[in-house]
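Chain residues, written in single-letter form:
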Amino acid sequence: MISLTLARKYARALLEIGLQGGNYETLGKDLEKVTDLLKKNKELKNILISAAYPAATRKAIARAISISIALSKSTVDFIDLLIERDRMDHFPEIASSYESLCDGVAKRIRATLVTAVALSPELINDIKSQLESTTGREVILSLEEDPSLIGGVRTLIGNVIYDGSLKTQLSIVKENLYKE
Amino acid sequence: MSRFSAWSGYVIFGILSQAFSADDLWAAGGGGGVPGEVFWQIISFVLLLLLLISVLKNPIRAFLRKRREEIKSSLEQSAKKEGESQKTFENWERKLNSLSQEVADLHQKISQEGEMERQRIVERALEEGDRIRQQAKVVAEQEVKKARTALRREMVALSIELAEKLLKESTYPQDQERLVREYIGKMREIR
């Protein structure tokens, strides 16, 4: 909980910088890149969060990496600040909070589309369009496959579920038959 | 008093007759002896006897009277005690009769109470029997209901499982597309 509060605080600060510079979306993508990198490279993550290495060394490593993955200056400065204050261990939470704040600013939502089988891009686009039309916001879809759905789709937007799967329909039939 | 005089007269007469008969014997024997001495002895004896009688007459009479009174008193007391005993006996007999009645009443009362208690026990047993029967009926009904529900649930579960299997086997890509289109249509309705 403390970590989330702290992460939200740093994310909000970075968002303000991004809004002032008009590059908050770029900063968001930068954070995403770094998160992916840290997730893939545990050794790098351990070095960046470890106080055993001098802050200058860690900053130098971070700068070297930032060049290779083309991070913006604001992002590099932000990482420097996190290293200085020994907050790199909260980076994934900060990136996640930033994404949420960024979505709020850009008036978009993230949805997870779960399907029983892989759908054609055309169908996925139709669903996305319909979701945007229903919510009145831009929808960023992430796709998942779950054969146990049998057929149909299920969409999760935050705490809301739009369920059109055969599995759920069968469950409803089952419950109704139990009640009779 | 007169009886005593007669009795003393008889004694004197007897003694004198003895004395004379002894004198006769002495006379008939024609032997020696001393008849004058015997005569004086008899006289002195009679005098002694008269003296004794005159001296002892009143004390003996008083003694006898007293004794008679005592015997009379004893007899009266005995009669009185007999009367009391009789009364006590009657009293006890009456009490015994009364006790018998009490025992009979008590017996009757106990019998009645016993009968009432028996009736109460029988009634209670019947009520308890009814209650147990009713309870057993309810439990049996519940068990039947539970069994029916379990059976129905099992049937439903099996049916759904079968339906799921059939759907998995018979859902083709065109069906998936149709389902997605229906889903989109419903989303449109939500809006």
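Overview of the structure. Residue numbers run consecutively from 1 along every chain, following the written order of its sequence. In the order they appear in the text, chains get letters beginning with A and ligands get numbers beginning with 1. Only residues with pLDDT of at least 70 are given local features in this predicted model, and only at 80 or more are side-chain atom pairs given and counted; all residues enter the totals for whole chains, interfaces and linings. With hydrogens and water stripped out, all remaining heavy atoms of the structure feed into the side-chain values.

1. Observations concerning the pattern of salt bridges
Take a side-chain nitrogen of Lys or Arg and a carboxyl oxygen of Asp or Glu: if they are within 4 Å of each other, that pair is a salt bridge. Tallied over the entire structure, the rule returns 22 salt bridges over all chains. One salt bridge connects A:Asp80 with A:Arg63, and the closest N-O pair in it is separated by 2.3 Å. In this pair, A:Asp80 sits in helix H5 (residues 73–84) while A:Arg63 sits in helix H4 (residues 55–68), placing the two residues 17 residues apart along the sequence. For A:Asp80, a relative accessible area of 7% gives the class buried. The shortest N-O distance in the salt bridge between B:Arg120 and B:Glu117 comes to 2.5 Å. Linking B:Arg120 with B:Glu117, this pair stays in helix H2 (residues 35–170), spanning three residues, or about one helical turn. For the purposes of this entry, the term helix denotes a DSSP run of H or I that reaches at least four residues, the term strand denotes a run of E that reaches at least two, and both are numbered from the N terminus. Think of it in three bands: with a 1.4 Å probe and only protein chains considered, a residue is buried below 20% of the maximum accessible area for its type, exposed above 50%, and partly exposed in between.

2. Structural notes on helix H8 (residues 166–179) of chain A
With 14 residues, H8(A) extends 20 Å between its outermost C-alpha atoms, agreeing within 8% with the 20 Å of an ideal straight helix rising 1.5 Å per residue. Inspection of H8(A) places A:Leu166, A:Leu170 and A:Tyr178 among the buried residues, and these make up the whole buried set. Projected down its long axis, H8(A) shows its buried positions confined to an angular sector of 115°, all on one face. Pairs of residues are marked as contacts when any of their non-hydrogen atoms sit within 4.5 Å. Residues of H8(A) that are buried make contact with H2 and helix H3 (173–190) of chain B. Helices are assigned an expected span. That span is 1.5 Å times one less than the residue count. By construction, the arc corresponds to the directions joining the helix axis to the C-beta atoms.

3. Re the interface of chain B and chain A
With 21 residues of chain B at the contact, the number on the chain A side is 27 residues. Taken together, the links from chain B to chain A amount to two salt bridges. Taking the shortest distance from any N to any O, the salt bridge between B:Arg181 and A:Asp126 comes out at 2.6 Å. We define a polar contact as two N or O atoms separated by no more than 3.5 Å, with the added condition that, inside protein, one atom must be a possible hydrogen donor and the other a possible acceptor, whereas residues neighbouring each other in sequence contribute only through side-chain atom pairs. Put simply, chain B and chain A have seven residue pairs in polar contact (both at pLDDT 80 or more) between them. Among the secondary structure elements, those contributing two or more residues to the side of chain B that touches chain A are H2 and H3 of chain B. When residues in the side of chain B that touches chain A are grouped by element, the largest group, 10 residues, is from H3(B).

4. Describing the packing of helix H2 (residues 24–40) of chain A against helix H3 (residues 42–49) of chain A
Between two packed helices, the angle of one axis relative to the other and the distance separating the axes together describe the packing. Residues and elements named next belong to chain A. Only the stretch in contact is used when fitting a helix axis, every axis being a line fitted to C-alpha atoms; angles between N-to-C directions are given from 0 to 180 degrees. In the contact formed by H2 and H3, the axes pass within 5 Å of each other and the chain directions differ by 110°. Judged by the inter-axis angle, H2 sits roughly perpendicular to H3. Across the interface between the two elements, Leu 37, Leu 38, Lys 39 and Lys 40 from H2 touch Lys 42, Leu 44, Lys 45 and Leu 48 from H3. Throughout, the ten residues Ala, Val, Leu, Ile, Met, Phe, Trp, Tyr, Cys and Pro are labelled nonpolar, Asp, Glu, Lys and Arg are labelled charged, and all others, Gly among them, are labelled polar. Within the contact of H2 with H3, the residues separate by chemical class into four nonpolar, no polar and four charged. With respect to orientation, any angle under 35 degrees is reported as roughly parallel, any angle over 145 as roughly antiparallel, any angle of 65 to 115 as roughly perpendicular, and every other angle as oblique.

5. Some thoughts on the pairing of strand E4 (residues 160–163) of chain A
Residue and element names in this part refer to chain A. Whether two strands pair comes down to DSSP finding at least two bridges between them. Inspection of the sheet shows strand E3 (residues 153–157) paired to E4 by four bridges, in the antiparallel sense. Paired with Leu 156 across the two strands is Ile 161, which belongs to E4. Remark: two residues form the turn of the hairpin made by E3 and E4, two consecutive strands paired antiparallel; Gly 158 in that turn has positive phi of roughly 60°.

6. Some points on empty space enclosed by the protein
All names here are of chain A. Using only the protein atoms, space was sampled on a 1 Å grid; points where a 1.4 Å probe fits but cannot get out form cavities, open sets with protein on both sides within 12 Å along at least five of seven lines form pockets, and lining residues are those with an atom within 4 Å of a point. Grid points are joined across faces, edges and corners, and a volume is the space filled by probe spheres set on the points. By the definition in use, this model includes one cavity of 30 Å³ or more. Computed from the structure, the largest cavity encloses a volume of approximately 70 Å³. Lining the largest cavity are Val 34, Leu 37, Leu 38, Leu 44, Leu 48, Ala 62, Ile 65, Ile 69, Leu 71, Ile 79 and Met 88. For the lining of the largest cavity, the elements supplying multiple residues, two or more each, are H2, H3 and H4. With three residues, the single largest contributor to the lining of the largest cavity is H2. Considered class by class, the residues forming the lining of the largest cavity number 11 nonpolar, no polar and no charged.

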